[in-house]
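Architecture and fold: a report
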Amino acid sequence: MVRHQPQESKKRSDAAPRSGGGFDRRHFLAGTATSALLPLAFEAAGVRAAAADISPTPTEVPGRSLELLVNGRSHRLTLDHRTTLLDALREHLGLMGVKKGCDHGQCGACTVHLDGRSTLSCLTLAAVAVGREVTTIEGLAQADGTLHPVQQAFIDHDAFQCGYCTPGQIMSAVACIEGGHADRDAEIREYMSGNLCRCAAYPNIVAAVRAAKSQLRS
Amino acid sequence: MRPFAYERADSPETARAAAGAGGATSSFLAGGTTLIDLMKLDVMRPQRVIDINGIGETQIDLADDRLRLGASVRMTDAERHADLRRRLPMLTQSLALAASTQIRNMATLGGNVLQRTRCPYFRDVSWSACNKRAPGSGCAALDGFNRQHAVLGTSEACIATYPGDFAQALIALDATVEILGRAGRRQIPFSELHVQPGQTPDVETTLAPGELILGFAMPVEPWFSRSLYLKIRDRQSYEFALASAAVALDLAGGAIRQARIALGGVATVPWRAREAEQALIGRAADEATFQLAADIAFSEARPLRHNAFKPALGRQTVVRALLQAAAMET
């Protein structure tokens, strides 16, 4: 893959609405990491050189100009063919709500909607998403900041601990309810079995989905 | 991931032509759930990726006595088809139990039957010995941790399990595969699509390079409504089969007129237990009969160090599946 520096603060994008105020957690962490980890840069370079012997990374990467429709807005990007939708969303559009967990389609943290269907963005090339409608966790809330009923239900039911899997859980939960697969707890559990939660918040996640479903139906 | 040339095909014909051109190794990209995963792992290294999303057949045509499924139908779309669920429960269950919702939303039927094995020695390139990945290099699984590996259709060169579920339904239902090749369209029985590893485990199907699956067709008998897919695994959902059985029973007054049995999770290819089926014909649909069929189905099983439980688990899976099918109200 194209190697991106982990300096998310430089990837500011108008696509990613920021909360108000002059401080947020991500910028604080990114700044701290940059200054604290400088001495490790040489080691990291050594590791990359060793990795290159196994899986050579080309020096010239053919770029491809493409247009992605994300959360109702169109974005033109120039991307390596190999860029997944996950990396395009995070590294090029700054949509950090989409999480990279396993990067192999096993954990569900990267779940987004593609034309309304829950999809693993880590196993989808960005090029494949051209001409299709991408929705991420950032696209669920209303313009005035009112949370989607599923987002609110996750808060009300304490449906997470560390929160890393939560955006993917919520994207799956929205599709679960909209598709009519949330009538019974067992059905919710089966539908959402592709979203792993290492904190094991499953009982509260099921309760949140059940509650959100009732609210959306009423 | 290694670099590749990417192109989007605008028809099955242009996709096939692109895949056959220039001598470069090509892969078709549909759902991507196997291909992108294995490209990231450096197991698959296509020089050209031909995107076939948006082309190909997406129809499900269910007539009185026939079914045709387009290869570009997504798994969830087929499994939620109400008439299919009623008339071919084995088929829709095999799809619904196959993987997570997201993966089934993405994966196409055509791509699903070509899913690659989950053998960890195949998927991890730091193991040098894998005859499937690197012909002639040996098989690390033979003396390795082989709990999930096959007991039927194995060879001394490869014991990798065929991982899919839908293929068991297709082989049990006598499906045919329609293929677009260099000379145009051709049809083969689904049972002739996959080949056992023998001495060439790298050859997994009878598809020529660049050939594209267009769809699947099968006869639909009234008695297929008495069918099911039973999948036994380490966890209740989102897991590969340790053993599975696709079964259908044609009953008349408590006796068996016809039967279909296919096995998953235990064989190197989608596995039809034809001799076990034959043994059922004319007998009473009871546990003793089903045990007899199960014994026949696994009579040639060759277990290894860690998968010695599989013949017993497989037999019990067959018996339970047949008992459940016999008890179905159709």
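These numbers come from a predicted model, not from an experiment.

**Topic: the overall build of chain A**
- Per the secondary structure count, chain A includes 7 helices and 5 strands.
- Secondary structure elements in chain A, listed N-terminal to C-terminal, are α-α-β-β-α-β-β-β-α-α-α-α.
- Evaluated residue by residue, chain A yields a buried proportion of 35% over its 218 residues.
- Nonlocal contacts in chain A, meaning residues at least 24 apart in sequence, comprise 59% of its contacts between residues at least 6 apart.

**Examining the environment of Gly56 of chain B**
Residues and elements named next belong to chain B.
- The residue Gly56 is located in the loop between strand 3 (48-51) and strand 4 (60-62) in this model.
- A residue is classified by how many C-beta atoms lie within 10 Å of it, and Gly56, with 24 of them, is buried.
- Sequence-wise, Gly56 and Glu221 are 165 residues apart; in three dimensions their C-alpha atoms are separated by 27 Å.
- Gly56 has contacts with Pro12, Gly70, Ala71, Ser72 and Leu214, leaving out every residue within four places of it along the chain.

**Topic: the sheet that holds strand 6 (residues 176-181) of chain B**
Residues and elements named next belong to chain B.
- Judged by pairing direction, the sheet is antiparallel, and its 5 strands sit side by side in the order 4-5-8-6-7 without closing on themselves. In the strand order of this sheet, the two ends are held by strand 4 and strand 7 (184-189), each with one partner. Averaged over all pairs of adjacent strands, the angle between their axes in this sheet comes to 20 degrees, without regard to strand direction.
- As judged from the 3 bridges shared by strand 4 and strand 5 (residues 66-70), these two strands associate in the antiparallel manner. Residue Leu62 lies in a different strand from strand 5, and its bridge partner there is Leu67.

**So, the sheet that holds strand 9 (residues 227-232) of chain B**
Residues and elements named next belong to chain B.
- Reading across the sheet, the 4 strands line up as 9-10-11-12 and stay open at both edges, with antiparallel pairing between neighbours. At either margin of the open sheet sits one strand with a lone partner, and together these are strand 9 and strand 12 (271-272).
- With 2 bridges connecting them, strand 11 (residues 255-264) and strand 12 associate as antiparallel partners. Across the sheet, residue Leu263 finds its bridge partner in strand 12, namely Trp271.
- Strands strand 9 and strand 10 (243-252) of the sheet are contacted by helix 5 (residues 89-96), whose axis makes an angle of about 25 degrees with strand 9.
- Set on the sheet, helix 12 (residues 310-327) makes contact with strand 9, strand 10 and strand 11; between it and strand 10 the angle comes to about 35 degrees.

**Looking at helix 5 (residues 166-178) of chain A**
- Relative to the 18 Å expected for 13 residues at 1.5 Å per residue, helix 5 of chain A spans 18 Å between its end C-alpha atoms, a close match to the ideal helical length.
- Counting buried residues in helix 5 of chain A gives 12 out of 13 residues, a clear majority hidden from the surface.
- Every buried residue belonging to helix 5 of chain A is among Thr166, Pro167, Gly168, Gln169, Ile170, Met171, Ser172, Ala173, Val174, Ala175, Cys176 and Ile177 of chain A, and all of these are buried.
- Of the surrounding elements, those touching the buried residues of helix 5 of chain A are strand 3 (111-114), strand 4 (117-120), helix 4 (149-156), helix 6 (185-191) and helix 7 (202-217) of chain A together with helix 6 (101-106) of chain B.
- At the exit of helix 5 of chain A stands Gly180 of chain A, carrying a positive phi of roughly 75 degrees.

**A word on the pairing of strand 3 of chain B**
Residue and element names in this part refer to chain B.
- As defined by bridge partners, strand 1 (residues 5-8) adjoins strand 3 across 4 bridges and the pair is classed as parallel. Pairing of Arg8 across the sheet is with Asp51, part of strand 3.
- For strand 2 (residues 26-29) and strand 3, the ladder comprises 4 bridges, and the chain directions are parallel. By the bridge assignment for strand 3, Ser26 is matched with Arg48.
- For the crossover from strand 2 across helix 2 (residues 35-40) to strand 3, the handedness is right-handed.

**Thoughts on the interface of chain A and chain B**
- Each side of the interface is counted separately: chain A has 25 residues, and chain B has 21 residues.
- Those elements that provide at least two residues to the side of chain A that touches chain B are strand 4 and helix 6 of chain A.
- In terms of residue count, the dominant contributor to the side of chain A that touches chain B is strand 4 of chain A (4 residues).
- Counted by class, the side of chain A that touches chain B contains 9 nonpolar, 12 polar and 4 charged residues.

**Description of unusual backbone geometry**
Residues and elements named next belong to chain B.
- Within the chain, Asp174 stands out as a residue other than glycine whose phi angle is a positive 55 degrees.
- Position of Asp174 relative to the elements: it lies in the loop between helix 9 (166-172) and strand 6.
- For Asp174, a count of 15 C-beta atoms within 10 Å translates into the label partly exposed.
- Of note in the backbone geometry, Tyr238 takes a positive phi value of approximately 50 degrees without being a glycine.
- Take Tyr238: it is sitting in the loop between strand 9 and strand 10.

**Some points on the nonpolar core**
- Grouped together as the largest cluster of nonpolar side chains are 151 residues, with contacts concentrated most on Leu170, Val247, Ile261, Ala293, Ala297 and Val318 of chain B.
- Considering every element that reaches this core, the biggest residue donor is helix 5 of chain A, with 7 residues.
- Those residues in contact with Ile261 of chain B, other than ones at most four positions away along the chain, are Ala172, Ala245, Val247, Ala273, Ala276, Glu277, Ala293, Ala297 and Val318 of chain B.

**A short note on the packing of helix 4 of chain A against helix 5 of chain A**
Residues and elements named next belong to chain A.
- Contact pair helix 4 / helix 5: the axes reach a minimum separation of 9 Å and the direction vectors enclose 125 degrees. When the axes of helix 4 and helix 5 are compared, the pair comes out oblique. Crossing of helix 4 against helix 5: the hand is right-handed. Packed against helix 4, whose contacting residues are Val150, Gln151 and Phe154, the element helix 5 presents Thr166, Ile170, Ala173, Val174 and Ile177 at the interface.
- Residues of the contact of helix 4 with helix 5, tallied by class, amount to 6 nonpolar, 2 polar and no charged.

**What about the packing of helix 11 (residues 287-297) of chain B against helix 12 of chain B?**
Residues and elements named next belong to chain B.
- Close contact between helix 11 and helix 12 brings their axes to 8 Å; oriented N to C, the two are set at 140 degrees. Put simply, helix 11 runs oblique to helix 12. Handedness of the crossing formed by helix 11 with helix 12: right-handed. Contacts from Glu287, Phe290, Gln291, Ala293, Ala294, Asp295 and Ala297 in helix 11 reach Arg315, Val318, Val319, Leu322 and Leu323 in helix 12.
- Its residues assigned to classes, the contact of helix 11 with helix 12 comprises 8 nonpolar, 1 polar and 3 charged.

What counts and how
Residues numbered from 1 in each chain as written. Chains lettered and ligands numbered in written order. Predicted model: local features only at pLDDT ≥ 70, side-chain atom pairs only at ≥ 80, totals over all residues. Helix = DSSP H or I, 4+ residues; strand = E, 2+ residues; numbered from the N terminus. Buried ≥ 20, exposed ≤ 12 C-beta atoms within 10 Å, placed from the backbone. Contact = placed C-beta atoms within 7 Å. Pairing = 2+ DSSP bridges. Axes fitted to C-alpha atoms, helices over the stretch in contact; angles between N-to-C directions. Expected span 1.5 Å × (residues − 1). Right-handed = clockwise from strand over helix to strand, strands pointing away. Nonpolar A, V, L, I, M, F, W, Y, C, P; charged D, E, K, R; others polar. Core = buried A, V, L, I, M, F, W, Y, C linked by C-beta atoms within 7 Å. Parallel < 35°, antiparallel > 145°, perpendicular 65-115°, else oblique. Left-handed = near helix turned anticlockwise from the far one by under 90°.

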